[in-house]
Amino acid sequence: MTRAEIREAFERWRQLDPEPKTELIYQSPYQLLVAVVLSAQSTDVGVNKATRTLFKVAPTPKKMVALGVDGVKSHIATLGLYNAKAANVVALSQQLIDLHGGEVPHDRAALEALPGVGRKTANVVMNVVFGEPTMAVDTHIFRVGNRTGMAPGKTPRAVEDGLLKRVPEEFMAHAHHWLILHGRYVCVARTPKCPQCAIRDLCKFKDKTAG
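Now for a quick tour of the structure. Bear in mind that the values here come from a model prediction, so they are computed numbers and not experimental data.

Considering the overall build of the protein
Then, in step 1: Tallying secondary structure elements over the protein gives 10 helices and zero strands in all.
Then, in step 2: From first element to last, N terminus to C terminus, the protein shows the α and β order α-α-α-α-α-α-α-α-α-α.
Then, in step 3: Judged by the C-alpha coordinates and their principal axes, the protein covers about 55 × 30 × 30 Å.
Then, in step 4: For the protein, buried positions account for 47% of its 211 residues.
Then, in step 5: Counting contacts in the protein only where the partners sit at least 6 residues apart, residues at least 24 apart contribute 59% of the total.

Next up, the structure:
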């Protein structure tokens with residue numbers, strides 16, 4: 001896609017949804033961090049169902065540590081990789097207490113140093129909590145970036161770098177939400193809903209769904 005086409009795509013998404021939000025439910029930066037850690041290989045719906053009870057009993061790092069790994073497991077057992085996730089959630093909570101006064105740090109290196117937190121999770125937190133113009137490339141954004149021709153790349157980091165270079169600055173605050181929602185509900189993996197796509201005429205995907 002050309003830069004003009006990319007701008008037009010985001011203009012259209014902005015008209016459809018001026019203030020896109022994450023679908024994860026949270027009440028604090030800490031809860032968002034935990035929810036994003038839990039979302040790996042799980043749906044937002046599944047995470048929200050698990051955290052509905054988890055955050056009632058452990059809404060803060062101190063209470064999460066007190067709950068313990070087995071306690072966390074009892075709330076998130078419906079999620080994939082729940083054993084590792086429970087251990088990471090308790091460990092990162094302890095590290096927040098020990099190193100950051102129980103607060104989520106506004107620093108990529110500090111975030112990525114937390115157990116279970118990688119670049120994608122750090123990007124989500126930096127964007128949603130701190131308003132940083134980051135691009136959290138998950139499977140949806142990776143697919144959309146490549147399929148549309150907006151930012152082709154063989155790795156998530158390559159797609160991230162391409163989007164950061166090509167998406168106009170005025171759209172960056174919400175760009176990753178628009179892209180995730182587009183990939184989640186329209187540009188789906190198996191049979192993309194091309195007839196319903198707001199950017200169908202701009203997209204470079206050769207095998208568009210007919211209709």
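Now that the structure has been shown, the text picks up again.
Re the environment of Gly183
Then, in step 1: Note on placement: Gly183 falls in helix H10 (residues 175-185).
Then, in step 2: The class of Gly183 is buried, set by a relative accessible area of 0%.
Then, in step 3: Along the primary structure Gly183 and Arg143 are separated by 40 residues, whereas in three dimensions their C-alpha atoms are 7.2 Å apart.
Then, in step 4: Sequence-distant contacts of Gly183, that is, excluding residues within four places in its chain, are made with His140, Arg143, Val144 and Val188.

Digging into the side chain of Glu5
Then, in step 1: Checked against the element boundaries, Glu5 lands in helix H1 (residues 3-16).
Then, in step 2: Each residue touching Glu5, except ones within four places of it in the same chain, is listed here: Leu202 and Lys204.

What to know about the side chain of Asp44
Then, in step 1: Its location among the elements puts Asp44 in helix H3 (residues 44-57).
Then, in step 2: Within the structure, Asp44 has its side chain in polar contact with the side chain of Arg184 (distance 3.1 Å).
Then, in step 3: Discounting chain neighbours no more than four positions away, the residues touching Asp44 are Glu23, Leu24, Ser39 and Arg184.

Re the pattern of salt bridges
Then, in step 1: Enumeration over the complete set of coordinates arrives at 11 salt bridges.
Then, in step 2: Residues Glu8 and Arg12 are paired through a salt bridge, measuring 2.8 Å at the closest nitrogen-oxygen approach. Placement of the pair is Glu8 and Arg12 together in helix H1, with a separation of four residues, close to one helical turn.
Then, in step 3: Between Arg157 and Asp161 there is a salt bridge; the shortest N-O distance is 3.1 Å. Residue Arg157 and its partner Asp161 are both found in helix H9 (residues 156-166); the two are separated by four residues, about one turn of the helix.
Then, in step 4: In this structure Arg157 comes out as partly exposed when scored by relative accessible area, which is 43%.
Then, in step 5: Put simply, Arg7, Glu11, Arg14 and Glu170 are held in one network by salt bridges that share partners.

Concerning the environment of Asp70
Then, in step 1: With respect to the helices and strands, Asp70 occurs in helix H4 (residues 61-76).
Then, in step 2: For Asp70, a relative accessible area of 60% corresponds to the exposed category.
Then, in step 3: Between the C-alpha atom of Asp70 and that of Cys194, which follows or precedes it by 124 residues, the distance is 45 Å.

Points about H10
Then, in step 1: By the criterion of burial, H10 is predominantly enclosed, with nine of the 11 residues buried.
Then, in step 2: Those residues of H10 lying buried are Ala175, His176, His177, Trp178, Leu179, Ile180, Leu181, His182 and Gly183.
Then, in step 3: Contact partners of the buried residues in H10: H1, helix H7 (119-128), helix H8 (139-148) and H9.

Rules behind the numbers
Residues numbered from 1 in each chain as written. Predicted model: local features only at pLDDT ≥ 70, side-chain atom pairs only at ≥ 80, totals over all residues. Heavy atoms only, no water. Helix = DSSP H or I, 4+ residues; strand = E, 2+ residues; numbered from the N terminus. Buried < 20%, exposed > 50% of the residue type's maximum accessible area, 1.4 Å probe, protein only. Contact = heavy atoms within 4.5 Å. Polar contact = N/O pair within 3.5 Å; in protein donor to acceptor, adjacent residues only side chain to side chain. Salt bridge = Lys/Arg side-chain N within 4 Å of Asp/Glu carboxyl O.

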